[in-house]
Amino acid sequence: MSAELPFLPFALPEIGEEEIAEVVDTLRSGWVTTGPKAKRFEQAFAEFLNQYGDGQIECIAVNSATAGLHLALEALGIGPGDEVITTTHTFTATAEVARYLGADVVLVDVDPNTLNIKIDEIEAAITPRTKAIIPVHYAGLAADMLAILDIARKHGLKVVEDAAHALPTTLEKELIGTLGSNATVFSFYANKTMTTGEGGMLVTRDAELAQRARVMRLHGINRDAFDRFTAKKPSWYYEIVAPGFKYNLTDIAAALGLHQLKRLPAFQARREQIARAYHEAFAGLPLILPPCAPDGDVHSWHLYVLRLADDAGITRDEFIERMYAQGIGCSVHYVPLHQHPYWRERYGLKAERFPHSQKVYETTVSIPLYTAMSDADVARVIAAVRQALG
Ligand SMILES: *Cc1c(COP(=O)(O)O)cnc(C)c1O
(Lines give C-alpha, C1' and ligand atoms only; values in the text may rest on other atoms or scores of the structure.)
Protein backbone atom coordinates (compact mmCIF):
# COMPACT_ATOMS: atom_id res chain seq x y z
CA MET A 1 0.00 0.00 0.00
CA SER A 2 1.40 3.34 -1.01
CA ALA A 3 1.41 5.99 1.67
CA GLU A 4 0.89 8.53 -1.13
CA LEU A 5 -2.75 7.61 -1.69
CA PRO A 6 -5.20 10.19 -0.34
CA PHE A 7 -7.36 9.26 2.63
CA LEU A 8 -10.56 7.51 1.53
CA PRO A 9 -13.33 8.79 3.79
CA PHE A 10 -16.00 6.49 5.20
CA ALA A 11 -18.74 8.33 3.29
CA LEU A 12 -19.07 11.08 0.67
CA PRO A 13 -22.11 12.47 -1.15
CA GLU A 14 -22.30 12.49 -4.94
CA ILE A 15 -23.46 15.92 -6.09
CA GLY A 16 -23.59 16.47 -9.86
CA GLU A 17 -23.70 19.52 -12.11
CA GLU A 18 -27.49 19.27 -12.39
CA GLU A 19 -27.91 19.56 -8.63
CA ILE A 20 -25.50 22.51 -8.56
CA ALA A 21 -27.30 24.28 -11.44
CA GLU A 22 -30.68 23.74 -9.72
CA VAL A 23 -29.37 25.20 -6.45
CA VAL A 24 -27.94 28.20 -8.31
CA ASP A 25 -31.28 28.65 -10.07
CA THR A 26 -32.98 28.67 -6.66
CA LEU A 27 -30.52 31.21 -5.30
CA ARG A 28 -31.12 33.50 -8.28
CA SER A 29 -34.92 33.04 -8.13
CA GLY A 30 -35.36 35.11 -5.00
CA TRP A 31 -37.24 32.22 -3.29
CA VAL A 32 -34.81 30.35 -1.04
CA THR A 33 -37.04 28.92 1.68
CA THR A 34 -39.96 26.47 1.32
CA GLY A 35 -41.70 27.19 -1.97
CA PRO A 36 -42.25 25.80 -5.46
CA LYS A 37 -39.28 23.42 -5.43
CA ALA A 38 -40.15 21.86 -2.09
CA LYS A 39 -43.64 21.26 -3.50
CA ARG A 40 -42.22 19.73 -6.70
CA PHE A 41 -39.92 17.54 -4.63
CA GLU A 42 -42.87 16.24 -2.58
CA GLN A 43 -44.80 15.52 -5.79
CA ALA A 44 -41.85 13.76 -7.41
CA PHE A 45 -41.30 11.67 -4.29
CA ALA A 46 -44.98 10.71 -4.18
CA GLU A 47 -44.82 9.73 -7.86
CA PHE A 48 -41.78 7.60 -7.16
CA LEU A 49 -43.52 5.76 -4.31
CA ASN A 50 -46.84 5.51 -6.11
CA GLN A 51 -45.24 3.49 -8.92
CA TYR A 52 -45.49 0.74 -6.33
CA GLY A 53 -48.31 2.06 -4.18
CA ASP A 54 -51.96 2.77 -4.85
CA GLY A 55 -51.77 6.48 -5.59
CA GLN A 56 -52.87 7.40 -2.07
CA ILE A 57 -49.47 8.24 -0.65
CA GLU A 58 -48.83 11.77 0.60
CA CYS A 59 -45.34 13.19 1.12
CA ILE A 60 -44.41 15.91 3.59
CA ALA A 61 -40.91 17.35 3.11
CA VAL A 62 -39.12 18.20 6.36
CA ASN A 63 -35.68 19.43 7.35
CA SER A 64 -34.58 16.08 8.83
CA ALA A 65 -35.77 12.54 9.36
CA THR A 66 -35.70 13.29 13.07
CA ALA A 67 -38.27 16.04 12.46
CA GLY A 68 -40.37 13.64 10.37
CA LEU A 69 -40.35 10.97 13.10
CA HIS A 70 -41.32 13.58 15.68
CA LEU A 71 -44.19 14.87 13.52
CA ALA A 72 -45.45 11.33 12.85
CA LEU A 73 -45.56 10.40 16.54
CA GLU A 74 -47.14 13.76 17.43
CA ALA A 75 -49.84 13.32 14.81
CA LEU A 76 -50.55 9.82 16.15
CA GLY A 77 -51.16 11.33 19.58
CA ILE A 78 -48.20 9.72 21.34
CA GLY A 79 -47.64 11.45 24.68
CA PRO A 80 -46.89 11.15 28.40
CA GLY A 81 -47.68 7.73 29.86
CA ASP A 82 -47.31 6.00 26.49
CA GLU A 83 -44.61 3.48 25.58
CA VAL A 84 -42.93 3.15 22.21
CA ILE A 85 -40.99 -0.01 21.34
CA THR A 86 -37.88 0.20 19.18
CA THR A 87 -34.53 -1.47 18.59
CA THR A 88 -31.49 -0.70 20.72
CA HIS A 89 -29.32 -1.11 17.62
CA THR A 90 -30.04 2.26 16.02
CA PHE A 91 -29.20 5.93 16.00
CA THR A 92 -30.55 7.91 18.95
CA ALA A 93 -32.91 9.92 16.71
CA THR A 94 -35.17 6.86 16.32
CA ALA A 95 -35.88 6.88 20.05
CA GLU A 96 -35.37 10.49 21.17
CA VAL A 97 -38.48 11.69 19.33
CA ALA A 98 -40.68 9.69 21.72
CA ARG A 99 -38.98 11.45 24.64
CA TYR A 100 -39.69 14.86 23.03
CA LEU A 101 -43.37 14.00 23.50
CA GLY A 102 -42.95 12.73 27.06
CA ALA A 103 -43.50 9.08 26.06
CA ASP A 104 -41.22 6.29 27.28
CA VAL A 105 -38.96 4.20 25.09
CA VAL A 106 -38.78 0.44 25.47
CA LEU A 107 -35.63 -0.88 23.80
CA VAL A 108 -35.40 -4.46 22.54
CA ASP A 109 -32.69 -6.66 21.07
CA VAL A 110 -32.03 -7.46 17.40
CA ASP A 111 -32.10 -10.60 15.32
CA PRO A 112 -28.45 -11.77 15.24
CA ASN A 113 -28.50 -12.33 11.46
CA THR A 114 -30.32 -9.30 10.07
CA LEU A 115 -29.60 -6.90 12.96
CA ASN A 116 -33.23 -5.79 12.58
CA ILE A 117 -35.59 -5.65 15.56
CA LYS A 118 -36.28 -9.12 16.99
CA ILE A 119 -39.91 -10.02 16.47
CA ASP A 120 -40.51 -12.18 19.56
CA GLU A 121 -38.90 -9.47 21.70
CA ILE A 122 -41.48 -6.96 20.46
CA GLU A 123 -44.34 -9.16 21.64
CA ALA A 124 -42.64 -9.73 24.99
CA ALA A 125 -42.19 -5.97 25.50
CA ILE A 126 -45.85 -5.02 24.97
CA THR A 127 -47.65 -3.64 28.04
CA PRO A 128 -51.04 -1.90 28.46
CA ARG A 129 -49.14 1.40 27.92
CA THR A 130 -47.61 0.41 24.56
CA LYS A 131 -48.82 2.68 21.74
CA ALA A 132 -46.38 2.27 18.87
CA ILE A 133 -43.54 0.30 17.32
CA ILE A 134 -40.71 2.01 15.42
CA PRO A 135 -38.82 -0.54 13.30
CA VAL A 136 -35.58 0.47 11.56
CA HIS A 137 -34.57 -1.11 8.25
CA TYR A 138 -31.01 -1.58 9.41
CA ALA A 139 -28.32 -0.85 6.80
CA GLY A 140 -31.05 -0.90 4.13
CA LEU A 141 -32.36 -4.45 4.60
CA ALA A 142 -36.12 -4.51 5.20
CA ALA A 143 -37.26 -5.39 8.70
CA ASP A 144 -39.87 -8.15 8.94
CA MET A 145 -42.75 -5.74 8.38
CA LEU A 146 -45.37 -8.43 7.81
CA ALA A 147 -44.78 -9.82 11.29
CA ILE A 148 -44.56 -6.31 12.80
CA LEU A 149 -47.82 -5.18 11.17
CA ASP A 150 -49.46 -8.40 12.36
CA ILE A 151 -48.42 -7.72 15.95
CA ALA A 152 -49.60 -4.11 15.62
CA ARG A 153 -53.02 -5.19 14.35
CA LYS A 154 -53.35 -7.80 17.07
CA HIS A 155 -52.54 -5.31 19.87
CA GLY A 156 -53.98 -2.11 18.34
CA LEU A 157 -50.57 -0.42 18.00
CA LYS A 158 -49.33 2.23 15.57
CA VAL A 159 -46.26 1.59 13.40
CA VAL A 160 -43.86 4.33 12.25
CA GLU A 161 -41.00 3.06 10.08
CA ASP A 162 -37.59 4.68 10.48
CA ALA A 163 -36.55 4.27 6.85
CA ALA A 164 -33.48 6.50 7.13
CA HIS A 165 -31.42 3.65 5.59
CA ALA A 166 -34.05 2.22 3.30
CA LEU A 167 -34.26 4.23 0.08
CA PRO A 168 -34.88 2.30 -2.08
CA THR A 169 -35.54 -0.98 -0.27
CA THR A 170 -38.24 -3.52 -1.08
CA LEU A 171 -40.00 -6.23 0.91
CA GLU A 172 -41.75 -8.90 -1.18
CA LYS A 173 -41.36 -6.51 -4.12
CA GLU A 174 -43.17 -3.67 -2.33
CA LEU A 175 -41.20 -0.49 -1.76
CA ILE A 176 -40.60 0.54 1.85
CA GLY A 177 -42.89 3.53 2.30
CA THR A 178 -45.81 1.80 0.58
CA LEU A 179 -46.48 -0.95 3.13
CA GLY A 180 -49.33 -0.76 5.63
CA SER A 181 -47.69 1.20 8.45
CA ASN A 182 -49.09 4.51 9.72
CA ALA A 183 -46.09 6.49 8.47
CA THR A 184 -42.60 6.03 7.04
CA VAL A 185 -39.75 8.51 7.34
CA PHE A 186 -36.74 8.82 5.00
CA SER A 187 -33.55 10.79 5.64
CA PHE A 188 -31.58 12.94 3.19
CA TYR A 189 -28.69 13.55 5.58
CA ALA A 190 -25.28 13.94 3.92
CA ASN A 191 -24.26 10.26 4.13
CA LYS A 192 -27.60 8.68 3.21
CA THR A 193 -28.44 7.04 -0.14
CA MET A 194 -29.54 10.40 -1.52
CA THR A 195 -28.98 13.78 0.10
CA THR A 196 -30.26 17.32 0.40
CA GLY A 197 -27.53 18.19 2.90
CA GLU A 198 -30.08 17.99 5.68
CA GLY A 199 -33.62 16.84 4.98
CA GLY A 200 -36.24 14.14 5.28
CA MET A 201 -39.59 12.97 3.95
CA LEU A 202 -42.60 11.87 5.97
CA VAL A 203 -44.75 9.52 3.94
CA THR A 204 -48.25 8.34 4.80
CA ARG A 205 -51.56 7.14 3.37
CA ASP A 206 -53.42 8.62 6.35
CA ALA A 207 -54.86 11.95 5.15
CA GLU A 208 -55.53 13.13 8.69
CA LEU A 209 -51.98 12.37 9.82
CA ALA A 210 -50.66 14.19 6.74
CA GLN A 211 -52.80 17.25 7.46
CA ARG A 212 -51.69 17.41 11.11
CA ALA A 213 -48.01 16.96 10.16
CA ARG A 214 -48.26 19.76 7.56
CA VAL A 215 -49.70 22.12 10.15
CA MET A 216 -47.18 21.16 12.85
CA ARG A 217 -44.27 21.33 10.37
CA LEU A 218 -44.67 25.10 10.25
CA HIS A 219 -45.56 26.65 13.63
CA GLY A 220 -49.09 25.22 13.74
CA ILE A 221 -50.21 27.53 10.97
CA ASN A 222 -53.46 26.51 9.33
CA ARG A 223 -54.57 28.41 6.27
CA ASP A 224 -57.41 25.98 5.50
CA ALA A 225 -59.20 26.78 8.76
CA PHE A 226 -59.98 30.22 7.41
CA ASP A 227 -61.09 28.89 4.01
CA ARG A 228 -63.98 27.05 5.60
CA PHE A 229 -65.70 30.26 6.62
CA THR A 230 -64.82 32.72 3.91
CA ALA A 231 -64.92 32.51 0.17
CA LYS A 232 -62.16 35.00 -0.29
CA LYS A 233 -59.06 34.92 1.87
CA PRO A 234 -56.48 37.70 1.96
CA SER A 235 -52.95 36.33 1.39
CA TRP A 236 -51.69 37.81 4.66
CA TYR A 237 -54.19 35.97 6.86
CA TYR A 238 -53.45 32.76 8.79
CA GLU A 239 -54.52 31.07 12.00
CA ILE A 240 -52.39 29.34 14.63
CA VAL A 241 -54.12 26.18 15.79
CA ALA A 242 -51.29 24.59 17.84
CA PRO A 243 -47.79 25.34 19.12
CA GLY A 244 -46.08 23.82 16.08
CA PHE A 245 -42.45 23.32 15.11
CA LYS A 246 -40.05 24.77 12.52
CA TYR A 247 -39.42 21.69 10.41
CA ASN A 248 -39.92 22.88 6.81
CA LEU A 249 -37.49 21.95 4.01
CA THR A 250 -35.95 24.86 2.10
CA ASP A 251 -36.13 25.17 -1.69
CA ILE A 252 -32.31 25.16 -1.72
CA ALA A 253 -32.37 21.68 -0.22
CA ALA A 254 -35.30 20.56 -2.38
CA ALA A 255 -33.35 21.66 -5.47
CA LEU A 256 -30.73 19.04 -4.59
CA GLY A 257 -33.41 16.46 -3.82
CA LEU A 258 -35.15 16.81 -7.19
CA HIS A 259 -32.03 15.62 -9.00
CA GLN A 260 -30.79 13.17 -6.40
CA LEU A 261 -34.18 11.42 -6.61
CA LYS A 262 -33.85 11.06 -10.40
CA ARG A 263 -30.46 9.44 -9.90
CA LEU A 264 -31.64 7.07 -7.17
CA PRO A 265 -32.00 3.95 -9.40
CA ALA A 266 -28.47 4.46 -10.73
CA PHE A 267 -27.16 5.13 -7.22
CA GLN A 268 -28.76 1.90 -5.98
CA ALA A 269 -27.30 -0.10 -8.88
CA ARG A 270 -23.80 1.19 -8.12
CA ARG A 271 -24.16 0.42 -4.41
CA GLU A 272 -25.35 -3.09 -5.28
CA GLN A 273 -22.32 -3.55 -7.55
CA ILE A 274 -19.91 -2.53 -4.79
CA ALA A 275 -21.67 -4.76 -2.23
CA ARG A 276 -21.34 -7.73 -4.61
CA ALA A 277 -17.65 -7.00 -5.15
CA TYR A 278 -17.15 -6.99 -1.37
CA HIS A 279 -19.14 -10.19 -0.91
CA GLU A 280 -17.04 -12.02 -3.51
CA ALA A 281 -13.75 -10.67 -2.23
CA PHE A 282 -14.45 -11.41 1.44
CA ALA A 283 -15.81 -14.96 1.09
CA GLY A 284 -13.48 -17.28 2.98
CA LEU A 285 -12.07 -14.57 5.29
CA PRO A 286 -12.80 -14.74 9.04
CA LEU A 287 -15.71 -12.34 8.64
CA ILE A 288 -19.47 -12.52 8.95
CA LEU A 289 -20.80 -10.77 5.86
CA PRO A 290 -23.99 -8.70 5.89
CA PRO A 291 -27.11 -10.55 4.70
CA CYS A 292 -28.39 -9.79 1.19
CA ALA A 293 -32.06 -9.14 0.42
CA PRO A 294 -34.06 -12.25 -0.51
CA ASP A 295 -34.17 -13.04 -4.26
CA GLY A 296 -36.23 -10.48 -6.15
CA ASP A 297 -35.97 -7.85 -3.42
CA VAL A 298 -33.83 -4.70 -3.19
CA HIS A 299 -31.33 -3.86 -0.44
CA SER A 300 -30.48 -0.15 -0.51
CA TRP A 301 -26.93 -0.90 0.75
CA HIS A 302 -26.80 2.30 2.76
CA LEU A 303 -24.21 0.51 4.91
CA TYR A 304 -21.90 -2.44 4.39
CA VAL A 305 -21.47 -3.82 7.89
CA LEU A 306 -18.77 -6.46 8.45
CA ARG A 307 -18.50 -8.50 11.59
CA LEU A 308 -15.25 -10.05 12.74
CA ALA A 309 -15.62 -13.79 13.27
CA ASP A 310 -14.48 -15.28 16.57
CA ASP A 311 -11.36 -16.66 14.83
CA ALA A 312 -10.40 -13.33 13.25
CA GLY A 313 -7.61 -13.01 15.81
CA ILE A 314 -8.01 -9.24 16.03
CA THR A 315 -10.31 -6.88 17.88
CA ARG A 316 -12.68 -4.50 16.15
CA ASP A 317 -10.71 -1.49 17.40
CA GLU A 318 -7.43 -2.96 16.10
CA PHE A 319 -9.09 -3.67 12.76
CA ILE A 320 -10.27 -0.05 12.43
CA GLU A 321 -6.80 1.22 13.39
CA ARG A 322 -5.21 -0.93 10.70
CA MET A 323 -7.71 0.36 8.14
CA TYR A 324 -6.95 3.97 9.10
CA ALA A 325 -3.22 3.24 8.87
CA GLN A 326 -3.90 2.27 5.26
CA GLY A 327 -5.85 5.47 4.65
CA ILE A 328 -9.36 3.97 4.83
CA GLY A 329 -12.09 5.53 6.96
CA CYS A 330 -14.45 3.19 8.82
CA SER A 331 -17.33 3.60 11.23
CA VAL A 332 -19.42 1.61 13.71
CA HIS A 333 -23.22 1.31 13.42
CA TYR A 334 -24.06 1.61 16.17
CA VAL A 335 -22.93 2.14 19.69
CA PRO A 336 -26.25 0.63 20.81
CA LEU A 337 -28.61 2.92 22.68
CA HIS A 338 -28.38 0.80 25.85
CA GLN A 339 -24.67 1.74 26.04
CA HIS A 340 -25.24 5.51 25.99
CA PRO A 341 -25.36 7.26 29.38
CA TYR A 342 -28.73 8.92 28.78
CA TRP A 343 -30.61 5.77 27.77
CA ARG A 344 -28.72 3.49 30.13
CA GLU A 345 -29.36 5.67 33.16
CA ARG A 346 -32.89 6.73 32.31
CA TYR A 347 -34.08 3.12 32.01
CA GLY A 348 -31.46 1.31 34.11
CA LEU A 349 -30.39 -0.76 31.11
CA LYS A 350 -27.86 -3.60 31.30
CA ALA A 351 -25.98 -4.97 28.29
CA GLU A 352 -26.96 -8.53 29.29
CA ARG A 353 -30.51 -7.73 28.28
CA PHE A 354 -29.36 -7.15 24.70
CA PRO A 355 -26.91 -10.00 24.05
CA HIS A 356 -27.12 -9.95 20.23
CA SER A 357 -26.82 -6.20 19.88
CA GLN A 358 -23.98 -6.14 22.40
CA LYS A 359 -22.03 -8.89 20.64
CA VAL A 360 -22.55 -7.20 17.26
CA TYR A 361 -21.43 -3.87 18.67
CA GLU A 362 -18.18 -5.37 19.93
CA THR A 363 -17.33 -7.06 16.62
CA THR A 364 -18.78 -4.82 13.94
CA VAL A 365 -17.29 -2.33 11.50
CA SER A 366 -18.82 -0.44 8.58
CA ILE A 367 -16.52 -0.02 5.59
CA PRO A 368 -16.86 2.61 2.84
CA LEU A 369 -19.66 1.99 0.34
CA TYR A 370 -20.86 4.95 -1.70
CA THR A 371 -21.46 5.87 -5.30
CA ALA A 372 -18.62 8.37 -5.52
CA MET A 373 -16.12 5.49 -5.00
CA SER A 374 -14.20 4.43 -8.10
CA ASP A 375 -13.46 0.78 -8.90
CA ALA A 376 -9.90 1.52 -7.78
CA ASP A 377 -11.24 2.77 -4.43
CA VAL A 378 -13.23 -0.45 -4.03
CA ALA A 379 -10.13 -2.54 -4.83
CA ARG A 380 -8.17 -0.51 -2.32
CA VAL A 381 -10.71 -1.17 0.44
CA ILE A 382 -10.69 -4.90 -0.38
CA ALA A 383 -6.89 -5.03 -0.23
CA ALA A 384 -6.87 -3.09 3.03
CA VAL A 385 -9.40 -5.47 4.66
CA ARG A 386 -7.26 -8.49 3.62
CA GLN A 387 -4.14 -6.78 4.93
CA ALA A 388 -5.80 -5.79 8.22
CA LEU A 389 -6.83 -9.40 8.82
CA GLY A 390 -3.23 -10.52 8.17
C1 LIG B 1 -29.63 9.22 9.89
C2 LIG B 1 -30.62 8.53 10.74
C3 LIG B 1 -31.67 9.22 11.36
C4 LIG B 1 -31.78 10.70 11.40
O5 LIG B 1 -31.82 11.28 10.16
P6 LIG B 1 -31.69 12.89 10.09
O7 LIG B 1 -32.18 13.19 8.72
O8 LIG B 1 -30.25 13.21 10.28
O9 LIG B 1 -32.54 13.45 11.15
C10 LIG B 1 -32.62 8.49 12.04
N11 LIG B 1 -32.53 7.16 12.15
C12 LIG B 1 -31.52 6.46 11.60
C13 LIG B 1 -31.50 4.98 11.75
C14 LIG B 1 -30.52 7.13 10.89
O15 LIG B 1 -29.50 6.45 10.37
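As recorded in an unreviewed UniProt entry, the protein goes by DegT/DnrJ/EryC1/StrS aminotransferase family protein and comes from Roseateles violae. According to the UniProt record, the Sequence similarities (unreviewed entry) comment for the protein reads "Belongs to the DegT/DnrJ/EryC1 family."

Visitor: Just checking my understanding: could you explain the packing of helix H1 (residues 17–29) against helix H9 (residues 251–262) for this structure?
Guide: Between H1 and H9, whose axes approach to 8 Å, the crossing angle comes to 150°. As summarised for this structure, H1 and H9 are arranged roughly antiparallel, according to the angle between their axes. Between H1 and H9 lies a crossing whose hand is right-handed. Across from Glu18, Glu19, Glu22, Val23, Thr26 and Leu27 in H1, the residues of H9 making contact are Asp251, Ile252, Ala255, Leu256, His259 and Gln260. In terms of residue class, the contact of H1 with H9 is built from 5 nonpolar, 3 polar and 4 charged.

Visitor: Is there a simple way to explain the side chain of Thr193 in this structure?
Guide: Along the chain, Thr193 turns up in the loop between strand S8 (183–187) and strand S9 (200–204). Residue Thr193 is classed as buried on the basis of its relative accessible area, which comes to 6%. If we skip the residues at most four places from it in the chain, Thr193 touches Leu167, Leu264, Phe267, Arg271, Ser300 and His302.

Visitor: Is there a simple way to think about the site of the ligand in this case?
Guide: Around the ligand sit 16 residues in total, of which Thr66, Asp162, His165, Ser187 and Lys192 are the nearest. In the model, an oxygen atom of the ligand is placed 2.8 Å from a nitrogen or oxygen of the Ala65 main chain. With respect to the ligand, the side chain of His165 contributes an N or O atom lying 2.8 Å from an oxygen atom. For the ligand, whose free accessible area comes to 380 Å², the fraction covered by protein is 92%. Listing elements by their share of the shell around the ligand, those giving two or more residues are helix H3 (65–75) and helix H4 (92–100). A class-by-class count of the residues in the shell around the ligand yields 7 nonpolar, 7 polar and 2 charged.

Visitor: Would you explain the nonpolar core in this entry?
Guide: Among soluble globular proteins, nonpolar side chains are generally buried collectively. In this structure, Phe41 and Phe45 are the most contacted members of the largest nonpolar core, which totals 44 residues. Elements represented by at least two residues in this core include exactly helix H2 (36–50), strand S1 (58–62), strand S3 (104–108), helix H5 (119–125), helix H6 (145–155), S9 and H9. Considering each element in turn, this core owes the most residues, 6 residues, to H2. Setting aside residues no more than four positions away along its own chain, Phe41 makes contact with Phe188, Met194, Thr196, Met201, Leu249, Ala254, Gly257, Leu258 and Leu261.

Visitor: Please clarify how the sheet that holds S8 should be interpreted in this entry.
Guide: Consider a sheet: its strands pair through backbone hydrogen bonds, and that pairing is either parallel or antiparallel. With respect to topology, 7 strands assemble into an open sheet ordered S1-S9-S8-S5-S4-S2-S3, the strand pairing being mixed. The sheet is open, and its two edges are formed by S1 and S3, each paired on a single side. Neighbouring strand axes in the sheet, compared pairwise and without regard to direction, differ in orientation by 20° on average. Relative to S3, strand S2 (residues 83–87) is paired through 5 bridges, and the arrangement is parallel. Across the sheet, residue Ile85 finds its bridge partner in S3, namely Val106. This element, H4, spans S2, S3, strand S4 (130–134) and strand S5 (158–162) of the sheet and lies at about 155° to S3. Sheet contacts for H6: S4 and S5; angle to S5, the most-contacted strand, approximately 155°.

Visitor: Just checking my understanding: could you explain the domain arrangement of the protein for this structure?
Guide: How big an interface is tends to be stated in terms of accessible area lost as the parts join. Under the domain assignment used here, the protein contains domain 1 (17–261) and domain 2 (264–388). With 41 residues of domain 1 at the interface, the matching set in domain 2 holds 36 residues. At the boundary of domain 1 with domain 2, total buried surface from both sides reaches about 3,200 Å², with 59% on carbon and sulfur atoms. For domain 1, the biggest contributors to the area lost against domain 2 are His89, Leu107 and Thr193; these three give 16% of the whole. For the pair domain 1 and domain 2, the interface holds 1 salt bridge.

Visitor: Before we go on, may I ask you to explain the packing of H3 against helix H7 (residues 207–217) in this structure?
Guide: Any two packed helices are characterised by how steeply their axes cross, that is the angle between the axes, and by the distance between the axes. Put simply, H3 and H7 touch, their axes get as near as 9 Å, and they point 125° apart. As the angle between them shows, H3 and H7 are arranged oblique. As H3 runs across H7, the sense of the crossing is right-handed. Across the interface between the two elements, Leu71, Ala72, Glu74 and Ala75 from H3 touch Leu209, Arg212, Ala213, Met216 and Arg217 from H7. Across the contact of H3 with H7, the residue classes break down as 6 nonpolar, no polar and 3 charged.

Here is what the cut-offs are and how they apply
- Residues numbered from 1 in each chain as written.
- Predicted model: local features only at pLDDT ≥ 70, side-chain atom pairs only at ≥ 80, totals over all residues.
- Heavy atoms only, no water.
- UniProt positions renumbered as here; feature names shortened; annotations may be inferred.
- Axes fitted to C-alpha atoms, helices over the stretch in contact; angles between N-to-C directions.
- Helix = DSSP H or I, 4+ residues; strand = E, 2+ residues; numbered from the N terminus.
- Parallel < 35°, antiparallel > 145°, perpendicular 65-115°, else oblique.
- Left-handed = near helix turned anticlockwise from the far one by under 90°.
- Contact = heavy atoms within 4.5 Å.
- Nonpolar A, V, L, I, M, F, W, Y, C, P; charged D, E, K, R; others polar.
- Buried < 20%, exposed > 50% of the residue type's maximum accessible area, 1.4 Å probe, protein only.
- Near = heavy atom within 4 Å.
- Polar contact = N/O pair within 3.5 Å; in protein donor to acceptor, adjacent residues only side chain to side chain.
- Areas by Shrake-Rupley, 256 points an atom, 1.4 Å probe, with all protein chains shown as cover.
- Core = buried A, V, L, I, M, F, W, Y, C linked by side-chain atoms within 4.5 Å.
- Pairing = 2+ DSSP bridges.
- Domains from an automatic or database assignment.
- Buried area = accessible area lost by both parts, 1.4 Å probe.
- Salt bridge = Lys/Arg side-chain N within 4 Å of Asp/Glu carboxyl O.

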